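Chain by chain, the residues run as shown.
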Amino acid sequence: MKWLFLILLVVIALLIIVILTNVKIHIDYYHGKDNDHLTFMMKAWGGMIRYKKEIPVIKIDDDSPEVVVKEKTKMGPKEETTNTEENSFDKQDLVNSLNDTKALLEHVFGMHILIRKLLSKVKIKKFEWHTGVGIGDAASTAILCGAIWSVKGAILGLISNFMRLTVRPVLTVTPNFQQFASQIQLKCIFQIRVGHAIWTGMKLVKYWKGGMPKFKTKPLSVLSGNKTNSIS
């Protein structure tokens, strides 16, 4: 009986620790010319728990009208486990993905209050958004930079309205008046408590009606005509 009571106390203590655990979500995106690189990382307990996903290459396949995406997933505190995948999907798959997104949004319509409550618990620890742009004409580039500043201001206003911005955001727009240029760098760190995410997830499951929508998108394993996995 004593051992059962001790086990129960340990389980309760672990549950409390998990619920109170803060998870940091790091997003790092870079675009320059034809180079795109996206890194998504989740960290908890000072990096003891770590999940990292990289999408370093987004390009057009030379042999077919398809988009090739290479993904790399790393897990563990030292990122010792790596899984690399290469997938391709065509125009019809993109259309199906858009239709699936629309179906999903319609399915969860009315649950925006729960999502908004969850977002209000999210803290933004870092927000940097740098843009370099040029279209070869000084006057047109200046107008474009002004438009980009307006869009950034509007997006930042929405973000600060839904989430808790705890740091001063860093926004820059660098014009290139001499030649065509396109460069974007976005770095963000979000923090959320696991208990808030679990509670919102339970609420979403409770109010989820009608079952899952019927998706048209095929699994990535079917889409990928040339797929390579490597685990080390």
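Predicted, not measured: the structure shown is a model, and the values here were computed from it.

A. Representation of helix α4 (residues 138-162) in the model. Look at α4: 36 Å from first C-alpha to last across 25 residues, which is about the 36 Å you get at 1.5 Å a residue. Among the residues of α4, those classed as buried are Thr141, Cys145, Ile148, Lys152, Leu156 and Ile159. Between the side-chain oxygen at the start of α4 and the backbone nitrogen of Ala139 there is a gap of 3.4 Å, and the oxygen is on Asp137.

B. Structural view of the pairing of strand β1 (residues 22-32). In this sheet, strand β9 (residues 180-193) lies alongside β1 in antiparallel orientation, the contact comprising 11 bridges. Paired with Ile25 across the two strands is Phe190, which belongs to β9. Looking at chain direction, β1 and strand β2 (residues 35-44) are connected through 10 bridges and run antiparallel. Bridging across to β2, Ile27 finds its partner in Phe40. Between the antiparallel neighbours β1 and β2 lie 2 residues, among them Lys33 with a positive phi of about 55 degrees.

C. Structural context of the nonpolar core. Counting residues in each nonpolar core, the largest one holds 15 residues, and the members touching the most others are Val23, Val122, Ile124, Phe127, Ile159, Met163 and Phe190. Breaking this core down by element, the ones donating at least two residues are β1, β6 (123-135), α4 and β9. Leave out the neighbours within four places in its chain, and Phe190 touches Val23, Lys24, Ile25, Ile27, Val122, Lys123, Ile124 and Met163.

D. Representation of the confidence of the model for the protein in the model. Of the residues in the protein, 65% have a pLDDT of 70 or more, and the chain-wide mean is 76. Here helix α6 (residues 220-223) stands out as the element of the protein with the lowest mean pLDDT, 38, in contrast to strand β8 (residues 170-175), whose mean of 94 is the highest.

E. Structural view of the pattern of salt bridges. This model, assessed by the stated rule, comprises 1 salt bridge. Across the pair Glu54 and Lys52 runs a salt bridge, and its minimum N-O distance is 3.4 Å. Among the residues examined, Glu54 registers a relative accessible area of 12% and is labelled buried. Lys52 sits in the buried class, given a relative accessible area of 17%.

Conventions adopted
- Residues numbered from 1 in each chain as written.
- Predicted model: local features only at pLDDT ≥ 70, side-chain atom pairs only at ≥ 80, totals over all residues.
- Heavy atoms only, no water.
- Helix = DSSP H or I, 4+ residues; strand = E, 2+ residues; numbered from the N terminus.
- Expected span 1.5 Å × (residues − 1).
- Buried < 20%, exposed > 50% of the residue type's maximum accessible area, 1.4 Å probe, protein only.
- Polar contact = N/O pair within 3.5 Å; in protein donor to acceptor, adjacent residues only side chain to side chain.
- Pairing = 2+ DSSP bridges.
- Core = buried A, V, L, I, M, F, W, Y, C linked by side-chain atoms within 4.5 Å.
- Contact = heavy atoms within 4.5 Å.
- pLDDT = per-residue confidence, 0-100.
- Salt bridge = Lys/Arg side-chain N within 4 Å of Asp/Glu carboxyl O.

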